[in-house]
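The lines below spell out each chain.
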Amino acid sequence: DLSGFDPDKYEYRLSVDGVFMADDHAVRTAGRETWGEPGEEKRYGFPADSFSWEADQKPGISMADTVICRLHVRGFTKHVSSAVKKKGTFAGILEKLPYLKSLGVTMIELQLPYEFREALPVKAHQAYEYGRTEGKLNYWGYGPADRFAPKAAFCVHGRNAEPADLQFRRFVHDCHEAGMEVCAELYFEPETKTPYLLDCLHYWVYEFHVDGLHLAGTYDLQAVLSDPALTDIKLFSGAAGEVPKGRENTF
């Protein structure tokens with residue numbers, strides 16, 4: 001009987017024969033709320049059971065009129081010169097919306113807004129691959145990650161603070177209310193399977209209401225372009241290859 005169950009008060013872990021495993025579809029992580037601290041691995045939180053998007057309306061700006069500001073969530077407002085109260089967070093970006101709009105920006109592109117492991121130990125062969133040097137953090141986030149979960153260290157913390165997935169939903173909702181579109185950059189490693197790739201893209205579109213997706217790394221471009229669920233989403237890709245006829249203006 002799960003009556004009265006409050007998902008916000010519980011966490012879970014997965015194990016196979018006593019060995020803790022990763023949940024590749026986890027939408028909340030636990031233990032990595034503080035930037036630069038690795039936290040305990042493989043702890044997860046349950047997804048929000050409800051979020052009121054109310055009358056959320058996507059701005060629907062044409063590609064020809066789109067002006068993109070690509071930014072790192074932490075780097076954009078962390079410095080004191082940003083003059084925001086909630087530095088280094090999604091909420092901090094909201095404080096800068098009037099400034100961005102004054103520049104003519106119509107879409108914010110977030111560089112890897114999901115839960116990447118900035119403080120994981122690095123093996124020698126990974127230093128070049130992930131752009132890291134021994135003893136330094138993976139600031140940009142390219143590498144191992146929980147791609148369904150917004151990054152907890154980019155969120156506001158404290159008493160009564162909402163979980164990361166709810167804070168990100170509120171961020172997108174408030175951007176839309178201000179007439180600003182949101183694009184999420186998602187990086188996929190070479191071993192990424194296409195079903196996982198599409199599940200991930202669908203989640204950001206349906207659950208987080210993003211207006212655009214910037215795909216980076218290695219992935220099946222044709223599968224993305226042929227997916228009907230992504231027809232109305234602005235897609236940006238660094239992948240090589242011919243773009244099918246009829247989707248030329250997508251990129």
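Residues numbered from 1 in each chain as written. Predicted model: local features only at pLDDT ≥ 70, side-chain atom pairs only at ≥ 80, totals over all residues. Heavy atoms only, no water.

**Examining helix H5 (residues 164-177)**
- Relative to the 20 Å expected for 14 residues at 1.5 Å per residue, H5 spans 20 Å between its end C-alpha atoms, a close match to the ideal helical length.
- By the criterion of burial, H5 is predominantly enclosed, with 11 of the 14 residues buried.
- On its buried side, H5 packs onto helix H2 (90-95), helix H3 (97-102), strand S6 (107-110), strand S8 (145-150), strand S9 (181-188) and helix H6 (194-206).
- Just beyond H5, the residue with positive phi is glycine 179, at close to 80°. (Helix = DSSP H or I, 4+ residues; strand = E, 2+ residues; numbered from the N terminus. Expected span 1.5 Å × (residues − 1). Buried < 20%, exposed > 50% of the residue type's maximum accessible area, 1.4 Å probe, protein only. Contact = heavy atoms within 4.5 Å.)

**What to know about the packing of aromatic side chains**
- Throughout the structure, instances matching the rule amount to 19 aromatic pairs.
- Ring centres 5.8 Å apart and planes at 40° place the aromatic pair phenylalanine 168 and phenylalanine 171 in the tilted group. Here phenylalanine 171 and phenylalanine 168 lie together in helix H5, a separation of three residues that amounts to about one turn. Summarising the burial analysis for this pair, phenylalanine 168 and phenylalanine 171 share the class buried. (Phe/Tyr/Trp six-rings, centres within 6.5 Å; stacked < 30°, edge-to-face > 60°.)

**A short note on the environment of threonine 106**
- Relative to the helices and strands, threonine 106 resides in the loop between H3 and S6.
- C-alpha separation for the pair threonine 106 and isoleucine 61, spaced 45 residues apart in sequence, amounts to 7.7 Å.
- If we ignore the near neighbours within four places in the chain, the residues touching threonine 106 are Ile61, Asp65, Thr66, Val67, Gly179, Met180 and Glu181.
- A distance of 2.8 Å separates a polar side-chain atom of threonine 106 from the backbone nitrogen of valine 67. (Polar contact = N/O pair within 3.5 Å; in protein donor to acceptor, adjacent residues only side chain to side chain.)

**Some remarks on the pattern of salt bridges**
- On inspection of all chains with the given rule, the structure shows 14 salt bridges.
- Here arginine 170 makes a salt bridge to glutamate 162, at a shortest N to O gap of 2.8 Å.
- For arginine 170, a relative accessible area of 38% corresponds to the partly exposed category.
- For glutamate 162, a relative accessible area of 29% corresponds to the partly exposed category.
- Members of the salt-bridge network, linked through shared partners, are Arg32, Glu115, Arg117, Glu118, Asp146 and Lys151. (Salt bridge = Lys/Arg side-chain N within 4 Å of Asp/Glu carboxyl O.)

**Looking at the side chain of lysine 234**
- With respect to the helices and strands, lysine 234 occurs in strand S11 (residues 234-237).
- Engagement of the side chain of lysine 234 in a polar contact is seen with the backbone oxygen of isoleucine 61, the distance being 2.6 Å.
- Residues in contact with lysine 234, not counting those within four places in the same chain, are Ile61, Ser62, Met63, Thr66, Met107, Glu181, Asp211, Gly212 and Leu213.

**Considerations on the side chain of threonine 77**
- Within the fold, threonine 77 resides in helix H1 (residues 73-77).
- Discounting chain neighbours no more than four positions away, the residues touching threonine 77 are Ser82, Val84, Lys86, Lys87, Gly88, Thr89, Gly92, Ile93 and Lys96.

**Concerning a nonpolar patch on the surface**
- Residues Leu14, Val16, Val19 and Met21 make up a contiguous nonpolar surface patch of roughly 310 Å² in combined accessible area.
- Counting only elements with at least two residues in the nonpolar patch, the list comes to strand S2 (14-16) and strand S3 (19-21).
- Relative to the assigned elements, valine 16 resides in strand S2. (Patch = residues over 30% accessible without salt bridge, like charges linked within 9 Å, V, L, I, M, F, W, Y side chains within 5 Å. Areas by Shrake-Rupley, 256 points an atom, 1.4 Å probe, with all protein chains shown as cover.)

**Here we look at the pairing of S6**
- Side chains Met107 and Glu109 of S6 all project onto a buried face; the interleaved residues Ile108 and Leu110 project onto the opposite face, where all are buried too.
- Bridge analysis of strand S5 (residues 68-71) against S6 gives four bridges, and the strand direction is parallel. Note that in S6 the partner of isoleucine 68 across the bridge is methionine 107.
- As defined by bridge partners, S6 adjoins S9 across four bridges and the pair is classed as parallel. Bridge assignment links leucine 110 to a residue of S9, and that residue is alanine 184. (Pairing = 2+ DSSP bridges.)

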